Amino acid sequence: MNTKFHLALPCKNIEETREFYVDVIKAQLGRNTEKWLDINLYGNQLTFTYTGHFNFEFKNYKLDDYILPSFHFGVIVPVETWGELYSRLFKMDLEVTTEATFMQDKKGEHLSFFIQDPNGYMLEFKSFKDNDEIFAT
């Protein structure tokens, strides 16, 4: 089954959020008003609603030798898309985590990097070596 996800999140500033996802990430803008907007992130719907300032306290966790944010979301993209996006964002002098290969030589091996959006959310981009292993146990 190939389905899409929808994720609704609070945001601090609608315009900064729009600029980040549309101009920086190059995602498509969907329906929107002054108080909320939909973003088409590789066929998945992110909805951001203006709430003003908010505070999420989150802990990190360790995977292999990397410390990762517990609270994050992301998309799985083909390796070509992943490489183009990583290169473009890295050249923009944004705070992009160093690309890493997780679970190397194990089931579920994938490339990954994180970038923080204007609301403080950590957005992860992954590319699996073998897509059949995305949900493998």
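Residues numbered from 1 in each chain as written. Predicted model: local features only at pLDDT ≥ 70, side-chain atom pairs only at ≥ 80, totals over all residues. Heavy atoms only, no water.

**With respect to the sheet that holds strand 8 (residues 100-102)**
For sheets, the rule is that strands pair by backbone hydrogen bonds, running either parallel or antiparallel. Across the sheet, which stays open at both edges, the four strands sit in the order 7-10-9-8 with mixed pairing between neighbours. Each of the sheet's edge strands pairs with one partner strand only, and the pair in question is strand 7 (72-76) and strand 8. Here the average twist between neighbouring strands, direction ignored, is 35°. Two elements, strand 7 and strand 10 (residues 122-128), share five bridges in a ladder whose sense is parallel. Counted as the bridge partner of His 72 is Met 122 from strand 10. Against the sheet, helix 2 (residues 79-91) contacts strand 9 (110-116) and strand 10, and its axis sits at roughly 35° relative to strand 9. (Pairing = 2+ DSSP bridges. Helix = DSSP H or I, 4+ residues; strand = E, 2+ residues; numbered from the N terminus. Axes fitted to C-alpha atoms, helices over the stretch in contact; angles between N-to-C directions. Contact = heavy atoms within 4.5 Å.)

**Considerations on unusual backbone geometry**
For Tyr 42, which is not glycine, the phi torsion reads 55° and is therefore positive. With respect to the element layout, Tyr 42 can be found in the loop between strand 3 (36-41) and strand 4 (44-50). Classification of Tyr 42 as partly exposed rests on a relative accessible area of 40%. If you check the backbone angles, Asp 93 has positive phi at about 60° while not being a glycine. Inspection of the secondary structure puts Asp 93 in the loop between helix 2 and strand 8. Residue Asp 93 is classed as exposed on the basis of its relative accessible area, which comes to 71%. (Buried < 20%, exposed > 50% of the residue type's maximum accessible area, 1.4 Å probe, protein only.)

**Digging into the confidence of the model for the protein chain**
Taken over all residues, the pLDDT of the protein chain has a mean of 85, while the share at 70 or more is 88%. Of all helices and strands in the protein chain, the one with the weakest mean pLDDT is strand 5 (residues 60-63) (64), whereas helix 1 (residues 14-24) scores best (96). (pLDDT = per-residue confidence, 0-100.)

**Concerning the side chain of Ser 127**
Along the chain, the position of Ser 127 falls in strand 10. Here Val 77 takes part through its backbone oxygen, which lies 3.1 Å from a polar atom of the side chain of Ser 127. A distance of 3.1 Å separates a polar atom in the side chain of Ser 127 from the backbone nitrogen of Val 79. (Polar contact = N/O pair within 3.5 Å; in protein donor to acceptor, adjacent residues only side chain to side chain.)

**Here we look at the nonpolar core**
Counting residues in hydrophobic clusters, the biggest one holds 27 residues, and the most contacted among them are Tyr 21, Ile 25, Phe 48, Leu 123 and Phe 125. When residues of this core are assigned to their parent elements, the largest contribution, five residues, is made by helix 1. Judged by nonpolar contacts, the second largest core, of five residues, contains Leu 68, Ala 100, Phe 102 and Phe 114. (Core = buried A, V, L, I, M, F, W, Y, C linked by side-chain atoms within 4.5 Å.)

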